[in-house]
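# Structure assessment
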Amino acid sequence: MNFSKKNHEHKSQNVIDVSKKVILSVAVVAVMGLTSCKNESKQASETTTTEITKEIAMADISFGVRGNCGMCKNTIEKAANGVEGVSNATWDVDKKKIEVSFEETKTDAMVIHNAIADSGYDTEKVAGNEEAYNGLPGCCQYDHDMEMNQSGEKKDDDHSNHDH
Ligand SMILES: [Cu+2]
């Protein structure tokens, strides 16, 4: 009788020990999970902030610019790149269109239009400077009736001007 009672006590103590261990390990896993979650969400929000700052600072625009050839391309791009805040300017000889990236805090679209017009080239908004145009090499003296921005982007606007 005495022996079997002892045995029983020992068994129930074992059960208690096991359940304590289980609770302990669950607690540790929970803390680790929280820590890694915190780190991840912190990193994610930092990345997002950087992207938003970049988007606010930089603007990409495109508009029509008349011109004929590779020499025109050099002159037009040089004029646009000469504007402070412009980081990239690429004129497309086939589409008669320029794409410009610039810092919004340093300049705006009209400054770029005017800089290109000063170099002798027509843009969608500003007519090219006549003196500069007359000073261009003969092959670069483009037709003032030339269609600009031939990408289809501005075609809807053109239609409203032409009554169809
Ligand atoms: Cu040219």
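Residues numbered from 1 in each chain as written. Predicted model: local features only at pLDDT ≥ 70, side-chain atom pairs only at ≥ 80, totals over all residues.

## Points about the overall build of the protein
The number of helices and strands found in the protein is 5 helices and 3 strands. In sequence order, the protein lays out its α and β elements as α-β-α-β-β-α-α-α. In the protein, which comprises 164 residues, the share counted as buried stands at 20%. For the protein, long-range pairs separated by at least 24 residues make up 60% of all intrachain contacts whose partners lie at least 6 apart in sequence. (Helix = DSSP H or I, 4+ residues; strand = E, 2+ residues; numbered from the N terminus. Buried ≥ 20, exposed ≤ 12 C-beta atoms within 10 Å, placed from the backbone. Contact = placed C-beta atoms within 7 Å.)

## Some thoughts on the sheet that holds strand β2 (residues 86–92)
Sheet architecture is open: 3 strands sit in the order β1-β3-β2, paired in antiparallel fashion. Each of the sheet's edge strands pairs with one partner strand only, and the pair in question is β1 (58–64) and β2. On average, adjacent strands in this sheet sit at an angle of 15° to one another, irrespective of strand direction. Pairing geometry for β1 and strand β3 (residues 97–103), over 7 bridges, is antiparallel. The residue bridging Ile61 from the neighbouring strand is Val100, located in β3. The strands that helix α2 (residues 70–81) touches are β2 and β3; relative to β2, the one it contacts most, it runs at about 155°. (Pairing = 2+ DSSP bridges. Axes fitted to C-alpha atoms, helices over the stretch in contact; angles between N-to-C directions.)

## Some remarks on the confidence of the model for the protein
For any part of a model where pLDDT is low, the fine detail of the predicted coordinates should not be relied upon. Predicted confidence across the protein gives a mean pLDDT of 77, with 57% of residues reaching 70 or more. Between residues 1–12, whose pLDDT stays under 50, and residues either more than four places distant or in other chains, the model counts 0 contacts. Contacts of residues 33–42 to residues separated by more than four positions or lying in other chains number 0 contacts, the stretch itself having pLDDT below 50. (pLDDT = per-residue confidence, 0-100.)

## Here's the deal with helix α3 (residues 109–118)
Residues of α3 that are buried: Ile112, His113, Ala115, Ile116 and Ala117. In this structure, the buried side of α3 is in contact with α2, β2 and β3. Looking one or two residues past α3, Gly120 carries a phi angle of roughly 110°, positive in sign.

## Examining the nonpolar core
Judged by nonpolar contacts, the single largest core of 19 residues is most densely connected at Val65, Ile76, Ala80, Ile98, Val100, Ile112 and Ile116. Elements with a minimum of two residues in this core: α2, β2, β3 and α3. Not counting the four nearest positions on each side in its chain, Val100 is found in contact with Ile61, Ala80, Val86, Ala89 and Ile112. (Core = buried A, V, L, I, M, F, W, Y, C linked by C-beta atoms within 7 Å.)

## A closer look at the pairing of β3
A regular strand places its side chains on the two faces of the sheet in alternate fashion. Of the strand pairs in this sheet, β2 and β3 are connected by 6 bridges, and their pairing is antiparallel. Bridge pairing in β3 places Trp91 opposite Ile98. What sits between β2 and β3 in their antiparallel hairpin is a turn of 4 residues, with Lys96 showing a positive phi close to 55°.

## What to know about α2
Across its 12 residues, α2 extends 16 Å between first and last C-alpha, which sits within 8% of the 16 Å expected from 1.5 Å per residue. Within α2, the full set of buried residues consists of Cys72, Thr75, Ile76, Glu77, Ala79 and Ala80. On the buried face of α2, the contacting elements are β2, β3 and α3. (Expected span 1.5 Å × (residues − 1).)

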